[in-house]
Number of protein chains: 4
Amino acid sequence: MQVGMVGLGRMGANIVRRLMRDGHDCVVFDVNPASVGALATEGATASDSLADLVSKLQAPRVVWLMIPAGLTGTVADEVAAVLEPGDIIIDGGNSNYHDDVRRAAAMKQDGIRYVDIGTSGGVFGLERGYCLMVGGPDEAVEVIDPILRTIAPGAGDIGRTPGREGDLAPEELGYLHCGPSGAGHFVKMVHNGIEYGVMAALAEGLNILHNADAGIREADHSAEVAPLEEPEFYRFDIDTRKVAELWRRGSVISSWLLDLTAAALQANPTLDGLAGRVSDSGEGRWTVKAAVDVGVPAPVLAASLFERFASRDEDHFANQVLSAMRLQFGGHQERPAGDVLEAGGRKAD
Amino acid sequence: MQVGMVGLGRMGANIVRRLMRDGHDCVVFDVNPASVGALATEGATASDSLADLVSKLQAPRVVWLMIPAGLTGTVADEVAAVLEPGDIIIDGGNSNYHDDVRRAAAMKQDGIRYVDIGTSGGVFGLERGYCLMVGGPDEAVEVIDPILRTIAPGAGDIGRTPGREGDLAPEELGYLHCGPSGAGHFVKMVHNGIEYGVMAALAEGLNILHNADAGIREADHSAEVAPLEEPEFYRFDIDTRKVAELWRRGSVISSWLLDLTAAALQANPTLDGLAGRVSDSGEGRWTVKAAVDVGVPAPVLAASLFERFASRDEDHFANQVLSAMRLQFGGHQERPAGDVLEAGGRKAD
Amino acid sequence: MQVGMVGLGRMGANIVRRLMRDGHDCVVFDVNPASVGALATEGATASDSLADLVSKLQAPRVVWLMIPAGLTGTVADEVAAVLEPGDIIIDGGNSNYHDDVRRAAAMKQDGIRYVDIGTSGGVFGLERGYCLMVGGPDEAVEVIDPILRTIAPGAGDIGRTPGREGDLAPEELGYLHCGPSGAGHFVKMVHNGIEYGVMAALAEGLNILHNADAGIREADHSAEVAPLEEPEFYRFDIDTRKVAELWRRGSVISSWLLDLTAAALQANPTLDGLAGRVSDSGEGRWTVKAAVDVGVPAPVLAASLFERFASRDEDHFANQVLSAMRLQFGGHQERPAGDVLEAGGRKAD
Amino acid sequence: MQVGMVGLGRMGANIVRRLMRDGHDCVVFDVNPASVGALATEGATASDSLADLVSKLQAPRVVWLMIPAGLTGTVADEVAAVLEPGDIIIDGGNSNYHDDVRRAAAMKQDGIRYVDIGTSGGVFGLERGYCLMVGGPDEAVEVIDPILRTIAPGAGDIGRTPGREGDLAPEELGYLHCGPSGAGHFVKMVHNGIEYGVMAALAEGLNILHNADAGIREADHSAEVAPLEEPEFYRFDIDTRKVAELWRRGSVISSWLLDLTAAALQANPTLDGLAGRVSDSGEGRWTVKAAVDVGVPAPVLAASLFERFASRDEDHFANQVLSAMRLQFGGHQERPAGDVLEAGGRKAD
């Protein structure tokens with residue numbers, strides 16, 4: 001079928017390529033003409049404006065936006081202005097699902113059907129396919145089913161879940177109509193919240209392995225610092241690169257994120273050069289706020305988010321407050337970097 | 001090569017089967033003669049006591065213990081008593097690595113070589129192979145290399161990590177000599193600690209999805225209860241069974257634990273009949289204690305452990321204390337089950 | 001000075017009493033005429049409608065709303081409709097500061113000055129005074145300074161902070177103009193967020209003391225359950241009632257919340273009859289969401305909130321998911337209530 | 001009564017002073033003769049060795065050790081060697097209660113009675129008195145009751161807990177026999193665990209206040225960084241020094257730790273010069289390990305401990321792992337200090 005793609009960054013362009021490979025007809029636009037030109041050479045129909053893109057589509061038109069979340073609202077409005085009732089706008093970006101709920105209701109006034117799609121897959125999506133979480137009205141999602149099926153990974157060589165029988169369901173092909181407007185980005189949001197938690201679990205565990213030699217390093221500490229209580233249990237010099245590789249094979253925690261971890265440690269076993277200032281995008285934050293809203297405990301997801309904040313020193317003032325309190329009640333001076341425990345000197349509390 | 005297996009529970013028996021399939025010669029013992037008999041019919045050499053088992057092995061003997069951690073110490077001592085210097089005892093169970101460190105040192109006095117092996121793989125290990133984390137002296141681990149190679153999953157169809165070249169390293173075949181005595185169970189311990197975190201991340205996320213209909217259910221609440229602040233954003237009726245299946249396909253969080261989650265929800269979509277009282281074995285606890293010992297933050301791993309404690313109501317007294325405090329300072333009475341927020345009535349603090 | 005009070009629940013009524021004691025002139029209204037009548041007998045001027053109340057005040061009028069947060073918006077609008085430019089509305093309730101920001105801006109259009117006041121003090125406020133956190137325009141806050149000074153606790157017998165000299169600042173008297181509209185409820189929100197954390201710290205610690213006899217109780221466990229690793233260290237039968245009392249005297253954690261805890265345990269040492277289902281009001285939630293918004297780690301505050309959710313079994317589905325996973329990968333059946341550790345039987349992972 | 005004090009650091013010396021003020025007879029020793037001399041001029045009996053100190057005491061002798069936990073074992077043995085059956089050794093330091101349990105059992109073999117006392121009070125103890133948590137055999141604790149009563153704060157001007165009647169119980173005077181050997185340090189350990197949690201709650205809350213101006217600072221961010229979602233709600237410039245002072249007056253979270261916080265911010269409102277590397281002593285760690293041992297959830301106490309670890313960059317490798325993973329799956333480069341959110345550029349996941 002025919003689809004218009006607005007936004008030809010890495011993901012937009014690769015989705016177009018995946019669509020064309022499977023015989024779909026793509027009209028493409030980007031603010032960067034070079035991006036348009038590149039895809040045109042691969043078979044896409046170029047356009048030089050939103051209006052031009054829309055004019056090259058047949059009703060009911062399907063326009064897929066793959067642009068930064070901060071711009072989606074503006075561009076969606078511009079596209080809607082040149083569409084007709086019955087046409088479909090897809091937001092495939094990383095929007096907050098709140099915006100979907102609002103936007104879908106507003107567009108509905110003009111007869112435009114709005115579909116939100118959360119997309120997972122990263123840089124490997126072109127080959128591997130993208131996992132698609134879809135929200136929106138039934139009849140619109142039905143219309144775009146052919147392109148969802150193309151973009152999704154398909155069954156591949158992933159084993160079928162025991163108990164599933166008969167024809168493959170969409171979710172077994174890697175796409176799912178999760179519910180009404182917003183449901184797609186909601187499920188994607190929670191997906192990313194989980195991703196934060198899984199990443200943190202791996203990182204914390206590897207950090208423990210990395211420090212399993214504390215009982216050996218201990219010897220380097222000055223006599224003023226209280227020793228590790230049982231140094232004999234921390235005399236391991238674990239090679240985290242090898243362990244990450246090992247766990248990919250037959251262990252309970254084998255996963256794609258572990259595959260990436262193994263690759264990262266293979267490429268840079270000491271991780272030298274990484275400052276460890278971990279960014280976060282919106283989804284991890286929104287997930288925690290959603291958990292708070294509905295009153296569901298999410299200590300692991302929240303902790304993984306807060307660790308990222310702390311990695312960027314956003315805990316600095318809090319730590320200063322703690323040091324300042326300690327200075328007050330016990331006369332404790334801060335110790336320089338490298339010290340782990342208090343000096344043997346009597347601590348007041 | 002020849003190996004004696006003590007303990008023929010599910011894992012011990014399956015390891016023997018995997019060894020025999022690959023041509024190794026197994027002498028087996030269990031306190032349950034029926035278990036011994038069953039494996040004898042499959043080709044193993046039966047024995048009716050530890051001494052008998054040892055007598056049927058050639059020096060240097062290799063005796064693999066696959067028994068509950070609580071019994072390993074006693075049985076290891078009994079086995080050691082009938083072994084000779086140069087023989088090898090393997091503890092393949094779920095021992096605390098502290099015990100390995102102590103036991104290995106003690107056995108060394110008698111010339112017995114002690115190897116600790118953490119084993120991951122669950123009920124699927126017979127076919128899939130077991131991921132093996134090995135600790136102990138180099139020369140002993142070298143001796144048992146052939147059986148490790150057999151028990152491990154091998155390279156299988158798991159893609160090679162970019163950057164790895166040449167012959168497959170042991171970790172690419174699913175086993176790794178992690179370090180001296182205790183290192184095997186240490187790495188397995190951290191593995192399980194990570195497993196707790198990953199499981200919790202998935203469970204928390206699915207719980208948020210499960211409660212994404214809070215804005216619909218809200219209507220059922222009594223007028224006395226403060227409403228959800230923005231119910232319009234929580235009107236999704238998400239099918240967690242389908243979402244778990246979906247995420248197996250092309251998403252960033254695809255993993256074996258997610259496969260299991262999908263299977264569990266497929267078998268029982270509502271999870272009816274599960275009380276949600278989650279057990280924990282030792283490894284999650286030991287991991288948190290190790291993190292505390294070496295001074296490494298592990299908030300995600302700790303939170304996942306504490307959630308399990310709370311699932312068994314081990315937070316009960318703490319919650320009573322909170323209710324009791326609230327009763328003191330504001331005259332707040334506890335609300336019955338089902339209420340989420342305070343009544344509209346003025347709350348003192 | 002003259003002030004109109006709308007809402008004569010416990011806090012509204014006690015604030016009126018505190019104001020009258022200090023010579024202020026109070027006009028009062030409540031939807032419950034009996035509440036109005038009761039205060040009239042104590043010297044307040046009764047009114048039988050918002051319009052009546054406003055008509056009895058002299059410009060610039062000061063109307064204090066002390067009503068449930070859910071109603072504040074409506075009532076504030078009704079009051080504003082009968083006020084004149086230059087008059088002041090005070091929201092002394094537990095509003096979300098977001099509402100203050102919006103409401104203040106809207107009221108400003110009509111020349112009404114809006115002041116938000118977070119109030120802490122609980123049932124003891126009548127005698128002890130209320131800690132007041134004030135947000136709003138300077139000139140409005142200046143107008144109401146006399147009543148703030150009356151309602152606040154004053155310096156009392158609380159020692160002066162070292163380094164402070166000269167006249168007592170407002171914050172030393174127990175009230176503070178924290179900033180523009182919303183700042184009062186913002187500071188009160190964070191105050192309550194901290195309160196959750198402090199309460200949780202006390203509750204968790206007391207729960208550990210309460211379970212310090214685990215090594216004694218252990219003997220009652222069935223032989224199938226793995227024993228506590230070092231029962232010899234958990235053979236204390238601690239009297240939490242006495243410990244809470246003790247800590248009030250000279251310890252670093254002495255605090256008003258500890259006073260309440262001691263009182264609660266004195267009244268009910270076993271806390272029998274409390275189900276431990278802990279409610280939460282909005283502030284704890286809003287605090288966590290604010291932390292997430294500004295990117296500041298708040299693991300302690302979030303954990304204390306999530307514990308309350310879990311106390312009400314909002315973690316139920318998550319726990320079921322964990323049990324279901326465990327059933328999948330290791331054939332682990334859930335254990336009945338009372339069991340803490342896994343059975344000695346070999347656990348797969 | 002007569003008591004020998006070994007260890008004349010700040011706390012040891014002040015306890016001696018408090019004892020002498022109340023008429024007790026103190027024999028003192030320290031490795032630093034100057035410390036001994038100083039107290040001798042104040043009325044204490046000097047001694048120049050442990051043996052000398054013991055020789056100046058009458059049976060049953062009471063020797064109080066107030067020395068670094070790391071030295072207590074050695075010194076206790078040396079003292080025990082020159083004592084007689086029936087004599088009493090008090091460990092008033094910050095020992096791990098595990099050591100008490102072991103030491104008490106060992107000393108009992110020689111007829112020495114061992115008492116462990118957890119002491120809270122900080123630098124203010126000389127005037128304010130020390131809160132004493134006592135463990136040991138009944139008959140030994142009875143012997144030392146007079147000195148406990150002197151060292152403890154007494155009832156002071158702290159209000160009596162409602163429901164308490166008749167003679168003041170020891171806990172109302174600030175000391176308590178908590179149970180057998182180890183119980184004193186166990187209760188002190190949990191006390192400090194709670195202290196960590198309370199301190200963290202305050203620090204996190206103040207950090208949120210400190211960042212309540214994020215919506216103002218936002219303007220300084222580069223156009224490449226995603227803006228705060230609702231900057232209009234974060235435009236407060238809160239004076240944390242004043243707020244801390246305010247909360248001391250009539251608020252629910254008034255506490256001694258808040259008093260210290262107010263003093264710290266008064267002394268240094270910006271906390272300039274504090275690096276925010278927060279030390280931890282053993283008790284916070286032991287508390288978390290005890291919670292894990294007995295299977296009690298302690299997420300707040302654990303989080304407060306882990307925050308301290310993170311303040312010292314012990315999370316570094318974990319954060320590097322996270323950055324490395326992100327680099328793998330989405331090509332995300334780390335952002336320099338100051339950036340909070342991802343750039344508007346499309347993020348893969």
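Here the structure is a predicted model, which means the values were calculated and not measured.

Conventions and cut-offs
Numbers given to residues run from 1 along each chain, matching the order in which its sequence is written. Labels are handed out in written order, letters beginning with A for the chains and numbers beginning with 1 for the ligands. It should be noted that, the model being predicted, local features are given only for residues of pLDDT at least 70 and side-chain atom pairs only at 80 or more, the latter also being counted only at that level, while totals for whole chains, interfaces and linings use all residues. Side-chain numbers here rest on the full set of heavy atoms in the structure, without hydrogens or water. Helical segments are the DSSP runs of H or I of at least four residues, strand segments are the runs of E of at least two, and each set is numbered from the N terminus. Our radius of gyration is a C-alpha quantity, and the globule rule it is checked against amounts to 2.2 Å times the number of residues to the power 0.38. When accessible area is computed with a 1.4 Å probe and restricted to protein chains, residues below 20% of their type maximum are described as buried, those above 50% as exposed, and intermediate ones as partly exposed. The positive count covers Lys and Arg only, the negative count covers Asp and Glu only, and His and the chain ends enter neither. For charged residues, the charge sits on one atom: NZ in Lys, CZ in Arg, CG in Asp, CD in Glu. Each cavity reported here is a set of points on a 1 Å grid over the protein atoms alone in which a 1.4 Å probe fits but cannot get out, each pocket an open set with protein on both sides within 12 Å along at least five of seven lines, and each lining residue one with an atom within 4 Å of a point. Grid points are joined across faces, edges and corners, and a volume is the space filled by probe spheres set on the points. Polarity classes work like this: nonpolar for Ala, Val, Leu, Ile, Met, Phe, Trp, Tyr, Cys and Pro, charged for Asp, Glu, Lys and Arg, and polar for all others, with Gly in that last group. At least two bridges found by DSSP between two strands are what make those strands a pair. Throughout, a residue-residue contact means that at least one pair of heavy atoms, one from each residue, lies within 4.5 Å. To define axes, lines are fitted to C-alpha atoms, for helices over the stretch in contact only, and angles between the resulting N-to-C directions are given on a 0 to 180 degree scale. For any pair of parts, buried area is found by adding up, for both, the accessible area (1.4 Å probe) each one loses once the two are put together. Put simply, a salt bridge is a Lys or Arg side-chain nitrogen that is within 4 Å of an Asp or Glu carboxyl oxygen. Helix span, expected: 1.5 Å multiplied by one less than the number of residues in the helix. In this comparison the copies share one frame, found by least squares on the C-alpha atoms of residues holding pLDDT of at least 70 in both. Two cysteine sulfurs form what is called a disulfide whenever their separation falls within 2.5 Å. Here, the term right-handed applies to a crossover whose path from the first strand over the helix to the second runs clockwise when the strands point away from the viewer. The scheme is simple: roughly parallel for angles under 35 degrees, roughly antiparallel for over 145, roughly perpendicular for 65 to 115, oblique for anything else. Patches here: salt-bridge-free residues with over 30% relative accessible area, like charges joined within 9 Å, nonpolar side chains (Val, Leu, Ile, Met, Phe, Trp, Tyr) joined within 5 Å. For the accessible areas, the method is Shrake-Rupley and the probe is 1.4 Å, while residue cover comes only from the protein chains on display. Here a pair means two rings of Phe, Tyr or Trp (six-membered ring of Trp) with centres within 6.5 Å. Their orientation is stacked below 30 degrees between planes, edge-to-face above 60, and tilted elsewhere. Here the nonpolar core consists of buried residues drawn from Ala, Val, Leu, Ile, Met, Phe, Trp, Tyr and Cys, with membership extended through side-chain atoms lying within 4.5 Å.

Student: Which residues make up the overall build of chain A, and what values go with them?
Tutor: Of the regular secondary structure elements, chain A holds 16 helices and eight strands. A compact globule built from 349 residues would reach a C-alpha radius of gyration of about 20 Å, whereas chain A, at 26 Å, exceeds it by more than 25%. Counting every position in chain A, which comprises 349 residues, the buried fraction comes to 66%. Here chain A contributes 30 positively and 50 negatively charged side chains, and the mean placements of these two sets differ by 2 Å.

Student: Describe empty space enclosed by the protein, with residues and values.
Tutor: Summed over the entire model, instances satisfying the criterion amount to twelve cavities of 30 Å³ or more. Approximately 280 Å³ is the volume attributed to the largest cavity. Lining the largest cavity are 27 residues; nearest its centre among them are A:Glu307, A:Ala310, D:Phe306, D:Glu307 and D:Ala310. The class makeup of the residues in the lining of the largest cavity is 18 nonpolar, three polar and six charged. In this structure, the second largest cavity occupies an estimated 180 Å³ of space.

Student: Give a description of the sheet that holds strand 3 (residues 45–46) of chain D that names residues and reports values.
Tutor: In a beta sheet, neighbouring strands pair by backbone hydrogen bonds and run either parallel or antiparallel. Residues and elements named next belong to chain D. As summarised here, the arrangement of the eight strands in space is 3-2-1-4-5-6-7-8, forming an open sheet in which the pairing is mixed. What marks the edges here is a single partner per strand, and that holds for strand 3 and strand 8 (175–179). Helix 5 (residues 97–109) rests against strand 5 (88–91) and strand 6 (113–120) of the sheet, and its axis sits at about 155° to strand 6.

Student: I'd like a rundown of the interface of chain B and chain A, residues and numbers included.
Tutor: Each partner contributes to the interface: chain B provides 94 residues, whereas chain A provides 94 residues. At the boundary of chain B with chain A, total buried surface from both sides reaches about 7800 Å², with 70% on carbon and sulfur atoms. Taken as a group, B:Ile208, B:Arg249 and B:Val252 account for 10% of the area that chain B buries against chain A, more than any other trio of residues on that side. Our count for the contact surface shared by chain B and chain A stands at two salt bridges. For A:Glu245, the salt bridge identified is with B:Arg164, shortest N-O distance 3.4 Å.

Student: Would you mind going over the pattern of salt bridges in detail, with residue names and values included?
Tutor: Residue and element names in this part refer to chain D. Following the criterion strictly, the structure yields 80 salt bridges over all chains and no others. Of the charged contacts in the structure, one is a salt bridge between arginine 164 and glutamate 171, with a shortest N-O distance of 3.0 Å. Comparing arginine 164 with glutamate 171 shows no difference in burial state: the two are buried. Aspartate 213 is the salt-bridge partner of arginine 217, the closest N and O atoms lying 3.0 Å from each other.

Student: I'd like a description of the sheet that holds strand 6 (residues 113–120) of chain B, backed by residues and values.
Tutor: Residues and elements named next belong to chain B. Strand order across the open sheet formed by eight strands is 3-2-1-4-5-6-7-8, with mixed pairing between neighbours. In the strand order of this sheet, the two ends are held by strand 3 (45–46) and strand 8 (175–179), each with one partner. Strands strand 1 (2–6), strand 4 (62–65) and strand 5 (88–91) of the sheet are contacted by helix 4 (residues 69–82), whose axis makes an angle of about 165° with strand 4.

Student: Can you break down helix 1 (residues 10–21) of chain B residue by residue, with the values?
Tutor: Residue and element names in this part refer to chain B. For helix 1, built from twelve residues, the straight-helix expectation of 16 Å at 1.5 Å per residue is met to within 8% by its first-to-last C-alpha distance of 16 Å. The buried count for helix 1 comes to nine of twelve residues, which makes it a mostly enclosed element. With its phi angle positive at about 95°, glycine 23 sits one or two positions after the end of helix 1.

Student: Account for the relation of the copies chain B and chain A, naming residues and giving values.
Tutor: For the pair chain B and chain A, the relating rotation is 180°, the translation along its axis is 0.0 Å, and the fit reaches an RMSD of 0.1 Å. One copy is carried onto the other by what is essentially a two-fold rotation axis. Across chain B, the smallest distance between a C-alpha and the rotation axis is recorded for B:Ser255, namely 1.9 Å. The overlap is high: 100% of the interface residues of chain B also sit at the interface in chain A, so the same surface is used on both sides.

Student: Explain the state of the cysteines residue by residue, including any values.
Tutor: All names here are of chain C. The full count for this structure, using the stated rule, is zero disulfides over all chains. Here cysteine 131 stays unpaired: no disulfide links it, and the sulfur of cysteine 178, its closest cysteine neighbor, is 8.7 Å away. Taking the relative accessible area as the measure of exposure, cysteine 131 reaches 0% and is therefore buried.

Student: Residues and numbers for the pairing of strand 4 (residues 62–65) of chain C, please.
Tutor: All names here are of chain C. Burial of strand 4 is two-sided: the residues Val62 and Trp64 facing one way and the residues Val63 and Leu65 facing the other way are all buried. Sheet topology places strand 1 (residues 2–6) next to strand 4; three bridges connect them, and they run parallel. Note on strand 4: the bridge partner recorded for valine 6 is leucine 65. Pairing of strand 4 with strand 5 (residues 88–91) involves four bridges; the strand directions are parallel. By the bridge assignment for strand 5, valine 62 is matched with isoleucine 88. In this fold, the crossover linking strand 4 to strand 5 by way of helix 4 (residues 69–82) has right-handed handedness.

Student: Before we move on, can you summarise the environment of D:Glu42 with the specific residues and values?
Tutor: All names here are of chain D. Inspection of the secondary structure puts glutamate 42 in the loop between helix 2 (33–41) and strand 3. Residue class for glutamate 42 comes out partly exposed when judged on its relative accessible area of 40%. The spacing of glutamate 42 and arginine 21 is 21 residues in sequence and 9.9 Å in space, taken between C-alpha atoms.

Student: Let's hear about the interface of chain C and chain D: which residues, and what values?
Tutor: If you look at the interface, chain C gives 94 residues, while chain D gives 94 residues. Summing both partners gives a buried area of about 7800 Å² for chain C against chain D, and 70% of it is carried by carbon and sulfur. Per-residue buried area on chain C facing chain D is highest for C:Ile208, C:Arg249 and C:Val252; these three make up 10% of the total on that side. Remark: the boundary between chain C and chain D carries two salt bridges. The element that contributes the greatest number of residues to the side of chain C that touches chain D is helix 10 (residues 183–210) of chain C, accounting for 18 residues. Across the side of chain C that touches chain D, the residue classes tally to 51 nonpolar, 23 polar and 20 charged.

Student: Got a sec to walk through the relation of the copies chain C and chain D? Specific residues and values, please.
Tutor: Mapping chain C onto chain D calls for a rotation angle of 180° and an axial translation of 0.0 Å; the resulting RMSD is 0.0 Å. Taken together, the interface assignments show that 100% of the residues at the interface of chain C recur at the interface of chain D, consistent with an identical surface on both copies.

Student: Provide a residue-level description of the pairing of strand 5 (residues 88–91) of chain A, including the pertinent values.
Tutor: All names here are of chain A. The alternating pattern of strand 5 places Ile88 and Ile90 on one face and Ile89 and Asp91 on the opposite face, and all of these are buried. The pairing of strand 5 with strand 6 (residues 113–120) spans four bridges and is parallel. In the strand pairing of strand 6, isoleucine 88 is matched with arginine 113. In the classification by handedness, the crossover that spans strand 5, the intervening helix 5 (residues 97–109) and the parallel strand 6 is right-handed.

Student: Go over the packing of helix 10 (residues 183–210) of chain A against helix 15 (residues 299–311) of chain B with me, naming the residues and quoting the values.
Tutor: The geometry of helix 10 of chain A relative to helix 15 of chain B is characterised by a closest axis approach of 8 Å and an angle of 110° between their N-to-C directions. Taken together, the axis directions place helix 10 of chain A and helix 15 of chain B in an arrangement best described as roughly perpendicular. Contact residues: A:Gly197, A:Ala200, A:Ala201, A:Glu204, A:Gly205 and A:Ile208 in helix 10 of chain A; B:Pro299, B:Val300 and B:Leu301 in helix 15 of chain B. Classifying every residue of the contact of helix 10 of chain A with helix 15 of chain B gives six nonpolar, two polar and one charged.

Student: Kindly report on a negative patch on the surface, identifying the contributing residues and their values.
Tutor: Together, B:Glu229, B:Glu230, B:Glu232, D:Glu229, D:Glu230 and D:Glu232 make up a region of like negative charge exposed at the surface. Among the residues examined, D:Glu232 registers a relative accessible area of 34% and is labelled partly exposed.

Student: An account of the packing of aromatic side chains is needed here, citing residue identities and associated values.
Tutor: Using the criterion set out here, one finds 28 aromatic pairs over all chains in the structure. Ring centres 5.9 Å apart and planes at 65° place the aromatic pair A:Phe236 and B:Tyr97 in the edge-to-face group. Residue A:Phe236 is found in the loop between helix 11 (214–217) and helix 12 (240–247), and its partner B:Tyr97 is found in helix 5 (residues 97–109); the two belong to separate chains. Here A:Phe236 and B:Tyr97 have matching classes, each one buried. Ring centres of C:Tyr97 and D:Phe233 lie 6.1 Å apart, and the angle between their planes is 85°; on these two criteria the pair is classed as edge-to-face.

Student: So what's going on with the nonpolar core? Which residues, and what values?
Tutor: Across soluble globular proteins, nonpolar side chains show a tendency to be buried alongside one another. Residues A:Trp247, B:Trp247, C:Trp247 and D:Trp247 are the most contacted members of the largest nonpolar core, which totals 264 residues. When residues no more than four places from it in sequence are discounted, the contact partners of C:Trp247 are C:Leu206, C:Leu209, C:Ile253, C:Ser254, C:Leu258, D:Cys131, D:Met133, D:Val187, D:Val190, D:His191 and D:Ile194.

Student: Break down helix 15 of chain B for me, citing the residues and quoting the values.
Tutor: Since there are 3.6 residues in each turn of an α-helix, residues three or four apart along the chain are aligned in direction. Residues and elements named next belong to chain B. The terminal C-alpha atoms of helix 15, which comprises 13 residues, lie 18 Å apart, in line with the 18 Å expected from a rise of 1.5 Å per residue. In terms of residue burial, helix 15 counts as a mostly covered element, since 13 of its 13 residues are buried. Where helix 15 terminates, the next one or two residues include aspartate 313, which has phi positive at roughly 65°.

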